[in-house]
Amino acid sequence: MNDGPRPEGERIAKLLARAGVASRREVERMIADGRVAIDGLILETPATILKDLKGVTVDGKPVAKPEPTRLFAFNKPTGLITAEHDPKGRPTIYTALRNSLPRKAPRLMPVGRLDLNTEGLLLLTNDGELKRQMELPSSGIPRTYRARTFGEVTQEALEELIDGIEIDGIHYGSIDANLERRTGRNQWIELTITEGKNREIRRVLEHLGLQVSRLIRTAYGPFELGDLPRGAVQEIREHEIGRFRNQLKKLSQR
């Protein structure tokens, strides 16, 4: 059955996300709040199809043309909230980024989150569409962590996590977990997940009777923390972003 020609262009929420205005979900909220207009008329639906952003304004200001996609790796210290503003007045990642980012860096959005007490690799991009693709559980992007824990656990118990686990009615998918080294009842455990549910690593390890004293994300997909100093930022090279996008495209075609 032929439903007629497909509309030319893309949804405005996707275009605004790609332009770095905000993530697609945040753009949809901005549209619902009446903050987005086309040629002076308030936009009513994020399903609007456009070829480009000509005539589009956000909060009365014209939207600039999308900049080339940029991606940064940030070694997030503990004690920082992964948010732009915190109602409680706690320091955010942007407090630290002010002194770490290169001059004239674009507006950046975090890819996923690390909670207050989790440190390590946090990716930041100016491309809202790339952010969305990297966060989708269906993309299956592996994220690797190292956890310092206290308590008793065996490698056999950790290997059972490969089949997933249900805790308090929440199902957590396959986790590849391995004991790295042990000193008495303290041990380092490396874990790789693909879903990234809220506090997933901590909840699973606590369910196994372990106390987590330190949690570090060491990799997100092909991007690794390496020896990046705490609080420092490093820009990921353009060809690495291109290669990663090709991998994402192949995953979406499966």
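Colleague: It is not clear to me how the environment of Q234 should be interpreted in this structure. Could you clarify?
Modeller: Assignment of secondary structure puts Q234 in strand β17 (residues 233-235). Judged by relative accessible area, which is 49%, Q234 ranks as partly exposed. Ignoring anything within four residues of it in the chain, the contact list for Q234 reads L71, F72, A73 and L228.

Colleague: Explanation requested: the packing of aromatic side chains in the structure shown.
Modeller: What characterises a pair of aromatic rings is the spacing of the ring centres plus the angle enclosed by the ring planes. In total, this model carries one aromatic pair according to the counting rule given. Both rings, one in F223 and one in F244, keep their centres 5.1 Å apart while their planes meet at 70°; by these two values the pair is edge-to-face. Separated by 21 residues along the polypeptide, F223 in strand β16 (residues 223-224) and F244 in helix α7 (residues 238-252) bring together distant segments of the chain. You'll find F223 and F244 in the same group, each marked buried. A cation sits over an aromatic face here: K197 above Y172, 5.6 Å from the ring centre.

Colleague: Mind showing me how you'd approach the nonpolar core here?
Modeller: If you look at the biggest cluster of nonpolar residues, it comprises 29 residues, and the most contacted ones within it are F74, I189, L191 and L205. Those elements that place two or more of their residues in this core are β7 (71-76), α3 (93-97), β9 (118-125), β10 (143-150), β11 (165-167), β14 (186-193), α6 (200-207) and β15 (211-220). The contacts of L191, once residues within four sequence positions are left out, are R143, T144, Y145, A147, I175, D176, A177, I201 and L205. Ranked by size, the runner-up nonpolar core spans 18 residues in total, among them L71, L121, Y220 and I236.

Colleague: For this particular structure, what's the right way to read a negative patch on the surface?
Modeller: On the surface, a cluster of negative charge is made up of E156, E159, E160, D163, D176 and E190. With respect to the secondary-structure elements, E159 resides in helix α5 (residues 155-159).

Colleague: Is there a simple way to explain the sheet that holds strand β5 (residues 56-58) in this structure?
Modeller: Here four strands make up an open sheet; going across it, the order is β3-β2-β5-β6 and the pairing antiparallel. At either margin of the open sheet sits one strand with a lone partner, and together these are β3 (41-42) and β6 (61-62).

Colleague: Would you explain the environment of K51 in this entry?
Modeller: The topology assignment puts K51 in the loop between β4 (49-50) and β5. Taking the C-alpha atoms as reference, K51 lies 8.9 Å from L15; in sequence the two are 36 residues apart.

Colleague: Could you clarify how one ought to interpret the pattern of salt bridges in this entry?
Modeller: Pairs can form between side chains of opposite charge whenever their charged atoms are close. Under the defined criterion, the tally for this structure stands at 17 salt bridges. A salt bridge links R24 to E129; the nearest nitrogen and oxygen atoms lie 2.6 Å apart. Residue R24 is located in helix α2 (residues 24-32), and its partner E129 is located in helix α4 (residues 128-135); the two are separated by 105 residues in the primary sequence. Each member of the pair, R24 as well as E129, is classed as buried. Taken together, the shared-partner salt bridges connect R24, E129 and R132 into one network.

Colleague: Help me understand the pairing of β7 in this model?
Modeller: Of all six residues that make up β7, six are buried, and the element is covered over most of its length. Where burial is concerned, the two faces of β7 agree: the one with L71, A73 and N75 and the one with F72, F74 and K76 are both buried. With three bridges joining them, β7 and β17 adopt antiparallel strand pairing. Paired with F74 across the bridge in β17 is V233.

Colleague: How should α6 be read in this particular structure?
Modeller: Since the α-helix advances by 3.6 residues per turn, residues separated by three or four positions end up pointing in the same direction. Residues of α6 that are buried: E200, I201, R202, V204 and L205. Taken from the residues just after α6, G209 is the one with a positive phi, measuring 90°.

Colleague: Please explain the side chain of R202 as it appears in this structure.
Modeller: Residue placement: R202 occurs in helix α6. Here T118 takes part through its side chain, which lies 3.3 Å from a polar atom of the side chain of R202. Setting aside anything within four residues of it in sequence, one finds R202 in contact with D115, N117, T118, V212 and L215.

Cut-offs used in this document
- Residue numbers run consecutively from 1 along every chain, following the written order of its sequence.
- Under the rules for a predicted model, residues below a pLDDT of 70 receive no local features and side-chain atom pairs below 80 are neither given nor counted, while totals for whole chains, interfaces and linings still include all residues.
- To get the side-chain values, take all heavy atoms of the structure and skip hydrogens and water.
- Secondary structure is summarised from DSSP: a helix means a run of H or I of at least four residues, a strand means a run of E of at least two, and numbering begins at the N terminus for each.
- Exposure is judged per residue with a 1.4 Å probe applied to protein chains only, and the accessible area is read against the type maximum: over 50% gives exposed, under 20% gives buried, and values in between give partly exposed.
- By definition, residues are in contact when any of their heavy atoms lie within 4.5 Å.
- To pair, rings of Phe, Tyr and Trp, with the six-membered ring standing in for Trp, must have centres within 6.5 Å; the planes then decide the type, stacked if under 30 degrees apart, edge-to-face if over 60, and tilted in the middle.
- Charge over a ring is defined by NZ of Lys or CZ of Arg lying within 6 Å of the ring centre and within 35 degrees of the ring normal.
- Take the buried residues of types Ala, Val, Leu, Ile, Met, Phe, Trp, Tyr and Cys, join any two whose side-chain atoms come within 4.5 Å, and each joined set is a nonpolar core.
- Patch construction takes residues with relative accessible area above 30% that form no salt bridge. Like charges are linked within 9 Å, and nonpolar side chains (Val, Leu, Ile, Met, Phe, Trp, Tyr) are linked within 5 Å.
- For accessible areas, the Shrake-Rupley method is used with a probe of radius 1.4 Å. Any residue's cover is judged against the shown protein chains and nothing else.
- What makes a salt bridge here is a side-chain nitrogen of Lys or Arg within 4 Å of a carboxyl oxygen of Asp or Glu, nothing more.
- The sign given to each residue is positive for Lys and Arg and negative for Asp and Glu; His and the chain ends receive no count.
- A charge is said to be at NZ when it belongs to Lys, at CZ for Arg, at CG for Asp and at CD for Glu.
- Criterion used throughout: strands pair if DSSP finds at least two bridges between them.
- Whenever a nitrogen or oxygen atom comes within 3.5 Å of another N or O atom, the pair is scored as a polar contact, on the condition that within protein one atom can donate a hydrogen and the other can accept it, and that pairs from neighbouring residues in sequence are kept only if both atoms are in side chains.

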